[in-house]
Amino acid sequence: MTTLSSGFARARRWLREHPLAFDATLAFCTLVAMICSSFTDPGDGHGPPAFGARTPELFSVLLMTLTAAALVLRRRRPMQVLAVTAALAAVEYVLMDPPAPVVMSTVIALYTVASRTDRPTTWRVGLLTMGGLTAAAMVFGSTPWYSQENFGVFAWTGLASAAGDAVRSRRAFVDAIRERAERAERTREEEARRRVAEERLRIARDLHDVVAHHIALVNVQAGVAAHVMDKRPDQAKEALAHVRDASRSALNELRVTVGLLRQQGDPEAPTEPAPGLAVLGELVTTFRNAGLPVEVACADRDRLPAAVDLAAYRVIQEALTNVRKHAGAGAKAEVSVVRVGTTAEVTVLDNGRGSAGRRPGTGPADGPPGDGDDLDSGGHGLVGMRERVTALGGVLTAGPRYGGGFRVHAILPVEARTGEPERPGTAGGTGLRR
């Protein structure tokens, strides 16, 4: 039974892939059915039909052959095939008595039209075909107009129209479901990115409202205190008290807003200063202890702004993490921080021979312990590095090197776009002593 069902499934799949062969097979089977039916005499209705009681005329056989041959083109020219088969069926009813079942081909052609056009067209064409063939059978036939053969023509053509319309409706329904599923699959990632962008915009607006309002109050009260410091010290103290209250309120609101970004179980915010190139030696030591040889080269000891210093540190940390994860055994890394005019260039090179599908920065930043709290841990390290660099007005490129290995290169403007003050304690950050 399993072999039979699998063979039937293969045959059905082959016929679907070759529609012309299917239509030719259908036309041949229809011709055989029409010829066999033309040898059958239905009788007077009181007994079973008698096979071989009559012989079809040569003209009827010719009409049956022509209508069956027209069915081969039913998918390409459905309307034309229906017109040809209906005309030949009408000719059979007018000229031959008793008529051969040429109308079988018309029924199949009408079903094809109904399954491939819209509903209004189906019913217009269907009613015209049903009425024309039934009228021809009633008017030109030798049997009474109310005979079952005449109403059978009406019933079969109407059934073909209804069946074709039902098949068309089901196909449209299935196609709509499939298209909706494909569209949802295509837009899932875009929807996720859109929601992330909206959430970032909402949080940015909240932070802007908090900071702008309270900093404006602090600025006004500080100006008042500076103006009356010498002449009215009591009023200056009152203004400074307002500055303290406004700053405390701003810190509380910022803590609440940033707390929305934390998930349950996240560690508390660190109290130590943000890392920078001043502690790059400690970062490199952790990778060396993990078995990754790292060489560091710094061209000068100029001080970098806080935001640029932090971004350079994060880029180096993420790039070295990916070297350790993906470059393979025996890989070496080189880190350089160079000041070029008004920009600082950070370059991380490696000679790894890792997997062919390795892409720097696409994995989570699970490198050495310590300063990786704000790195992307969801498999988007390269995106995180690029966003961090782009936010400062810089450019980041990452890709394979000629001859093997990978290269991560970031160009950071020395003047951060945010205008943020330089952080104390970062002097000499680019002049690491190894």
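Coordinates for the structure precede this section.
Our subject in this report is the structure included herewith. (Residues numbered from 1 in each chain as written. Predicted model: local features only at pLDDT ≥ 70, side-chain atom pairs only at ≥ 80, totals over all residues. Heavy atoms only, no water.)

Secondary structure summary: the chain contains 11 helices and 7 strands in total. Here the chain, with 434 residues, has 33% of them falling under the buried criterion. Contacts in the chain between residues far apart in sequence, at least 24 positions, make up 70% of those at least 6 positions apart. A total accessible area of about 26,100 Å² is found for the chain, and carbon and sulfur atoms account for 60% of it. (Helix = DSSP H or I, 4+ residues; strand = E, 2+ residues; numbered from the N terminus. Buried < 20%, exposed > 50% of the residue type's maximum accessible area, 1.4 Å probe, protein only. Contact = heavy atoms within 4.5 Å. Areas by Shrake-Rupley, 256 points an atom, 1.4 Å probe, with all protein chains shown as cover.)

As a further point, take helix H4 (residues 78-95). Taking 1.5 Å of rise per residue, 18 residues should cover 26 Å, and H4 covers 26 Å from first to last C-alpha, within 8% of that figure. Among all positions of H4, only Pro78, Val81, Leu82, Thr85, Ala86, Leu88, Ala89, Glu92 and Tyr93 are buried. Looking straight down H4, one finds its buried side chains confined to an arc of 165°; they lie on one side. (Expected span 1.5 Å × (residues − 1). Arc of directions from axis to C-beta.)

What follows deals with the environment of histidine 409. Examined against the element boundaries, histidine 409 turns out to sit in strand E7 (residues 406-413). The sequence separation of histidine 409 and leucine 396 amounts to 13 residues, and the corresponding C-alpha distance is 5.7 Å. Dropping the residues within four chain positions of it, histidine 409 is found in contact with Glu345, Val346, Thr347, Val395, Leu396 and Thr397. Only 2.9 Å separates the side chain of histidine 409 from the side chain of threonine 347, close enough to count as a polar contact. (Polar contact = N/O pair within 3.5 Å; in protein donor to acceptor, adjacent residues only side chain to side chain.)

Let us now look at the pairing of E7. Of all the 8 residues making up E7, 6 are buried; the element is thus mostly covered by neighbouring parts of the structure. Pairing between strand E5 (residues 343-350) and E7: 7 bridges, direction antiparallel. When the sheet's bridge partners are listed, threonine 343 is paired in E7 with proline 413. Looking at chain direction, strand E6 (residues 395-400) and E7 are connected through 6 bridges and run antiparallel. Each bridged residue has a counterpart across the sheet, and for valine 395 the counterpart in E7 is isoleucine 411. (Pairing = 2+ DSSP bridges.)

A contiguous nonpolar surface patch, about 710 Å² in accessible area, is contributed by Phe59, Leu62, Leu66, Val91, Val94, Leu95, Val139 and Phe140. Elements with a minimum of two residues in the nonpolar patch: helix H3 (58-70), H4 and helix H6 (119-140). On the secondary structure map, leucine 62 appears in helix H3. A residue is classified by how much of its surface remains accessible, and leucine 62, at 45% relative accessible area, is partly exposed. (Patch = residues over 30% accessible without salt bridge, like charges linked within 9 Å, V, L, I, M, F, W, Y side chains within 5 Å. Salt bridge = Lys/Arg side-chain N within 4 Å of Asp/Glu carboxyl O.)

Our focus in this paragraph is the packing of helix H5 (residues 103-116) against H6. The geometry of H5 relative to H6 is characterised by a closest axis approach of 10 Å and an angle of 165° between their N-to-C directions. As the angle between them shows, H5 and H6 are arranged roughly antiparallel. At the point where H5 passes H6, the crossing takes the left-handed sense. Here H5 contributes Val103, Thr106, Leu110, Val113 and Ala114 to the contact with H6, which in turn contributes Thr122, Val125, Gly126, Thr129 and Leu133. Looking at the contact of H5 with H6 residue by residue, the class counts come to 6 nonpolar, 4 polar and no charged. (Axes fitted to C-alpha atoms, helices over the stretch in contact; angles between N-to-C directions. Parallel < 35°, antiparallel > 145°, perpendicular 65-115°, else oblique. Left-handed = near helix turned anticlockwise from the far one by under 90°. Nonpolar A, V, L, I, M, F, W, Y, C, P; charged D, E, K, R; others polar.)

Two packed helices can be described by the angle between their axes and the distance between those axes. Following both chains from N to C, one finds helix H2 (residues 19-38) and H5 inclined at 145°, their axes separated by 9 Å at the closest point. Between H2 and H5, the contacting residues are Leu26, Thr30, Ala33, Met34 and Ser37 on the first element and Met104, Ser105 and Ile108 on the second.

Assignment of secondary structure puts aspartate 23 in helix H2. Here the side chain of aspartate 23 touches arginine 75 through a polar contact of 3.0 Å, side chain to side chain. Once residues within four sequence positions are removed from consideration, aspartate 23 is found in contact with Leu71, Val72, Arg74 and Arg75.

Take H6 next. Taking 1.5 Å per residue, 22 residues should reach 32 Å; H6 reaches 31 Å between its end C-alpha atoms and fits that length. Buried within H6 are the following residues: Thr121, Thr122, Val125, Gly126, Thr129, Met130, Leu133, Thr134, Ala136 and Ala137. The buried side chains of H6 occupy one side of the element, clustering within an arc of 155° when seen end-on. H6 presents Arg124, Leu127, Leu128 and Val139 as exposed residues on the side facing more than 90 degrees away from its buried surface.

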